[in-house]
Amino acid sequence: MSFISVLHPTAPYTTYVSQTQAPSINDIRSLLRAVIDPELGDNIVDLGMAGDITFTDGLVTVAMKLTIKGCPLRVQIRNDIESRLLAHPAITKVTIDWGEMTPDERTAVMTRARWNAKEQASDTAVPANTRILAIASGKGGVGKSSVTVNLAAALAQAGKTVGVLDADIWGFSIPRMLGMPDRLQARAVDGRDKPMIVPNVRVVGSGLLKVVSTGMLVEDESTALMWRGLMLTKAVEQFLHDVEWGELDYLLIDMPPGTGDVQMGLARMLPRTDLLIVTTPAVSAQKVAIRAADMARRSFLRVAGVIENMSTFECDHGTQYALFGTGGGQTLADEIGVKLLGQVPIESTVAAGGDSGEPVVLSNTGKAAGVFLAIAKRIIDDTPDMTEMSGCSARTEDIVPVSVRSR
Ligand SMILES: Nc1ncnc2c1ncn2[C@@H]1O[C@H](COP(=O)(O)OP(=O)(O)O)[C@@H](O)[C@H]1O
Ligand SMILES: [Mg+2]
């Protein structure tokens, strides 16, 4: 059996089970393969959730490990297990011993679920070797767009080709912040039945920015609001499918605030997306940001790190003021088990750069620019050389933990 088919069991397992005599443990396991964890999109046996099974005198005992103890799906999973097993004439009673996965087991399950989601995702026009980073937060105004344009500019300055997709469809700000207001053009492409959108391009150092935004389709924000619910709901999907991205080292996606449809749609279309979660140091903001992390968990996206923005304000005398509190970024990073990639101070040059279309990293003045550059460097250091890896399934196998492969 090939690797893929091991991960994607399609066989109708239940047909193997004899209905006339006492079931073997394997029979019971086969019956349990019909119980799907709807959140993880796979059956509880292949997900490693169903552990030890015993059968004596009509009684089945199943050791079930949940991803988290308080899993809201527990009742549904119990009902499904009972109805599947009790359908067997030789099984009269079912007892479930509930437990919780270890962090390692949870990681393996998430990797497997992410892998499944990847296999089921539709093709997009984003090249397979592009590292995709979505900049997300629980709420607006924390600096997602500022982080997006500064990281994009810093990566481009380091010689990378960087796509920027403004997925904040109704609150777009990328065209202004990158000084790129031009309307998008489309053109016919060989082998495509419809024209492709050509991203707007800006040369930065030895690198390149390729940018698309609904702000490049509509006149202004009030027009965008008027179109709400019409064609714009499809904009992100279209930007992923119908933009002629060409070569891209990175694709940075400026997400709308919150955890709604755009986020789930992105997770479905581009499940290899990594999230960068932006928060302010205030504990209240950090709590809101947890929602973004929770969305990531539900949609199997990996969180690549947390960025704390508006960390401190330094006055002309060099005194630091924690205007929006302290510690939110680190607390959030610890809570979701990822790194705090940097703390960006409050500096008027960040806001001014956004207004003038010249991200502050390009003038490299002040501490905020230094932090953005350092985060970009960490991202580059953390990104494998994808050109070497593309099209090589053996390498893909390398990055799937053995625990997931060797069942
Ligand atoms: N580190 C910072 N220092 C000063 N102003 C900032 C900083 N980060 C963001 N801002 C300003 O705060 C406002 C909100 O930032 P923005 O990037 O638009 O947030 P979001 O995209 O999350 O809504 C903007 O006016 C922006 O210029
Ligand atoms: Mg924004």
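Residues numbered from 1 in each chain as written. Chains lettered and ligands numbered in written order. Predicted model: local features only at pLDDT ≥ 70, side-chain atom pairs only at ≥ 80, totals over all residues. Heavy atoms only, no water.

Chemist: Which parts of the structure should I look at to understand the pairing of strand S4 (residues 59-66)?
Modeler: Put simply, side chains in a regular strand alternate between the two faces of the sheet. Pairing between strand S3 (residues 50-56) and S4: 5 bridges, direction antiparallel. In the strand pairing of S4, Thr 56 is matched with Leu 59. Count of turn residues in the S3/S4 antiparallel hairpin: 2 residues, of which Asp 57 carries a positive phi of about 45°. Note that S4 and strand S5 (residues 93-100) share 8 bridges and pair parallel. Counterpart to Lys 65 in the pairing with S5 is Gly 99. Note on the crossover from S4 through helix H3 (residues 74-86) to S5: the handedness is right-handed. (Pairing = 2+ DSSP bridges. Helix = DSSP H or I, 4+ residues; strand = E, 2+ residues; numbered from the N terminus. Right-handed = clockwise from strand over helix to strand, strands pointing away.)

Chemist: Looking at this structure, how should I read the layout of surface pockets?
Modeler: Volume-wise, the second largest pocket comes out at about 670 Å³. Lining the second largest pocket are 21 residues, and of these Arg 106, Met 110, Ala 293, Arg 297 and Ile 336 sit closest to its centre. Put simply, the parts of the chain that give the lining of the second largest pocket at least two residues each are helix H4 (103-120), helix H10 (283-298), strand S14 (302-314) and helix H11 (328-336). Examining the composition of the lining of the second largest pocket, we find that 6 residues originate from one element, H4, more than from any other. For the lining of the second largest pocket, the per-class residue count stands at 11 nonpolar, 4 polar and 6 charged. A domain split of the lining of the second largest pocket shows at least three residues from each of domain 1 (3-118) and domain 2 (129-390). (1 Å grid on protein atoms, 1.4 Å probe; cavity = no way out; pocket = protein on both sides within 12 Å on 5 of 7 lines; lining within 4 Å. Points joined across faces, edges and corners; volume = space filled by probe spheres on them. Nonpolar A, V, L, I, M, F, W, Y, C, P; charged D, E, K, R; others polar. Domains from an automatic or database assignment.)

Chemist: Sorry if this is basic, but what is going on with the pattern of salt bridges here?
Modeler: Considering all chains together, one arrives at 10 salt bridges under this definition. When the shortest N-O distance is used, the salt bridge between Glu 358 and Arg 202 registers 2.5 Å. In this pair, Glu 358 sits in the loop between helix H12 (348-356) and helix H13 (360-363) while Arg 202 sits in strand S10 (residues 200-204), placing the two residues 156 residues apart along the sequence. For Arg 202, a relative accessible area of 17% puts it in the buried group. Among the ionic pairs, Asp 274 bridges to Arg 302, the shortest N-O distance being 2.9 Å. Placement of the pair is Asp 274 in strand S13 (residues 274-279) and Arg 302 in strand S14, with a sequence separation of 28 residues. Using a relative accessible area of 8% as the deciding quantity, one classes Asp 274 as buried. By relative accessible area, which is 36% here, Arg 302 ends up partly exposed. Sharing partners across several salt bridges, the network here consists of Arg 131, Asp 274, Arg 302 and Asp 382. (Salt bridge = Lys/Arg side-chain N within 4 Å of Asp/Glu carboxyl O. Buried < 20%, exposed > 50% of the residue type's maximum accessible area, 1.4 Å probe, protein only.)

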